[in-house]
Amino acid sequence: MPTFALKKVEAVEAEQEVDELVIDGIGQLSVFEQTLRGQHSQYVSELRTMLTYIEYIADGNSLPDTKFRDITPSGEKVKEYEFKSKHLRVYAIKKANGKLIMLGGLKTTQKGDFKRFRSLKTQYLNSL
C-alpha cells in the first residue's frame, strides 16, 4: 500500500489551499512537470497557464467548461475536477478548504490517465 501525503503547490497563491498528492515521497504534479521539461518541453508554458487556471478557480472564480469542469460521477461524495488546456490535463479532487491535484497528463494519454486518477482517488480516500 502506498504512503500518501500532501504538499502545497507553491506556484499557486490563492484563497483556497491547493496541494499536490505525494505518493511514497514523490509529488505527482512535480513528476508531471519534470516529464514535460524532459520529453515534452514544448508544453512547459502550457503547464504554467494551467497553474494560472487552478489559481483562478481556487480564488473562487469560474472558467468555461473548455478549461475547467466538474467530472464527478453521479452519487459520488468527493468532487472530481479536470483542468484542461489544448494538450494537457490536470485532475484534482475537492478537499477541505481547497483542491488536491492528483495527476497530470497529456490529452493523448487521457483515457489511461483518467483510470489512474480514479484509482489514486480511491486509494487515497481509503488511506484516510
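Being a predicted model, the structure only gives us computed values, none of them experimental.

Visitor: If you had to explain the side chain of glutamate 20 to someone new, which residues and values would you point to?
Guide: Mapped onto the elements of the fold, glutamate 20 is located in strand 2 (residues 17-23). At 4.2 Å, lysine 7 is the nearest oppositely charged side chain to glutamate 20, a buried residue that forms no salt bridge. Within polar-contact distance, the side chain of glutamate 20 engages the backbone nitrogen of glutamine 28 at 3.2 Å. A polar contact of 3.0 Å, which involves the side chain of glutamate 20, links it to the backbone nitrogen of serine 30. What glutamate 20 contacts, discounting residues up to four positions off in sequence, is Ala5, Leu6, Lys7, Val9, Gly27, Gln28, Leu29, Ser30, Leu100 and Ile101.

Visitor: Outline helix 1 (residues 28-39), supporting the account with residue identities and numerical values.
Guide: With 12 residues, helix 1 extends 16 Å from end C-alpha to end C-alpha; this agrees with the ideal 16 Å at 1.5 Å per step. For helix 1, the set of buried residues is Gln28, Leu29, Phe32 and Leu36. Seen along its axis, helix 1 keeps its buried residues to an arc of 105°; they face one direction. Summarising the geometry of helix 1, the exposed residues directed more than 90 degrees from the buried face are Gln34 and Gly38. Contacts made by the buried residues of helix 1 are with strand 2, strand 3 (26-27), helix 2 (44-58), strand 6 (88-95), strand 7 (98-106) and helix 3 (110-127).

Visitor: For the environment of lysine 86, give the residues involved together with the corresponding values.
Guide: Within the secondary structure layout, lysine 86 lies in the loop between strand 5 (80-84) and strand 6. Between the C-alpha atom of lysine 86 and that of tyrosine 56, which follows or precedes it by 30 residues, the distance is 18 Å. Residues within four places of lysine 86 in sequence aside, it is in contact with Glu46 and Lys107.

Visitor: Provide a residue-level description of the pattern of salt bridges, including the pertinent values.
Guide: If you walk through the whole model with that rule in mind, you get 10 salt bridges. A salt bridge links arginine 37 to glutamate 33; its shortest N-O distance comes to 2.8 Å. Here the residue arginine 37 and the residue glutamate 33 both occupy positions in helix 1, the gap between them amounting to 4 residues, near one helical turn. You can call arginine 37 partly exposed: its relative accessible area is 48%. Taking relative accessible area as the criterion, glutamate 33 reaches 29% and is therefore assigned partly exposed.

Visitor: Which residues make up the nonpolar core, and what are the values?
Guide: Soluble, globular proteins show a tendency: their nonpolar side chains are buried together. Ranked by internal contacts, the top residues of the largest apolar core, which has 24 residues, are Leu36, Ile54, Phe83, Leu88 and Ile101. Of all the elements in the fold, those that place two or more residues in this core are helix 1, helix 2, strand 5, strand 6 and strand 7. For this core, the element with the highest residue contribution is helix 2, accounting for 8 residues. Val78, Tyr91, Leu103 and Leu120 belong to the second-largest nonpolar core, a separate cluster that totals 13 residues.

Visitor: Give a detailed account of the packing of aromatic side chains, specifying residues and quantitative values.
Guide: In total, this model carries 6 aromatic pairs according to the counting rule given. Taken together, a centroid distance of 5.3 Å and an interplanar angle of 20° make the contact between phenylalanine 68 and tyrosine 81 stacked. Taken together, the residues phenylalanine 68 in strand 4 (residues 68-70) and tyrosine 81 in strand 5 connect sequence positions 13 residues apart. No difference in accessibility class separates phenylalanine 68 from tyrosine 81, as the two residues are buried. Taking 4.7 Å as the distance between ring centres and 40° as the angle between the ring planes, the aromatic pair formed by phenylalanine 68 and phenylalanine 83 counts as tilted. One end of the pair, phenylalanine 68, is in strand 4; the other, phenylalanine 83, is in strand 5, with 15 residues separating them in the sequence. Here phenylalanine 68 matches phenylalanine 83 in class, with each residue buried. We note lysine 99 situated over the ring of tyrosine 81; from NZ or CZ to the ring centre the distance is 5.0 Å.

The rules we used
In this numbering scheme, every chain counts its residues from 1 along its sequence in written order. Since the coordinates come from a predicted model, pLDDT governs what is reported: local features require at least 70, and pairs of side-chain atoms require 80 or more to be given and counted, while whole-chain, interface and lining totals use all residues. For side-chain calculations, the full set of non-hydrogen atoms in the structure is used, while hydrogens and water are omitted. Numbering of helices and strands starts at the N terminus; helices are DSSP runs of H or I of at least 4 residues and strands are runs of E of at least 2. Relative accessibility thresholds used throughout: buried, under 20% of the residue-type maximum; exposed, over 50%; partly exposed, between the two (1.4 Å probe, protein chains only). For the purpose of charge, His is not counted, nor are the chain termini; Lys and Arg are scored as positive and Asp and Glu as negative. In what follows, salt bridge is the name for a side-chain nitrogen of Lys or Arg lying within 4 Å of a carboxyl oxygen of Asp or Glu. Between N or O atoms, a polar contact is any pair within 3.5 Å; within protein, one atom must be a potential hydrogen donor and the other a potential acceptor, and residues adjacent in sequence are included only when both atoms are from side chains. Only heavy atoms matter for contacts: two residues are in contact if any of them lie within 4.5 Å across the pair. For a helix, the expected span equals 1.5 Å multiplied by the number of residues minus one. This arc corresponds to the set of directions leading from the helix axis out to the C-beta atoms. Definition of nonpolar core: a set of buried residues of the types Ala, Val, Leu, Ile, Met, Phe, Trp, Tyr and Cys, connected through side-chain atoms within 4.5 Å. By convention, a stacked pair of Phe, Tyr or Trp rings (six-membered ring in the case of Trp) has centres within 6.5 Å and planes under 30 degrees apart, an edge-to-face pair has planes over 60 apart, and any other such pair is tilted. In this scheme, the term charge over a ring applies when either NZ of a lysine or CZ of an arginine sits within 6 Å of the ring centre and within 35 degrees of the ring normal.

Any link to function would need more than the numbers given here.
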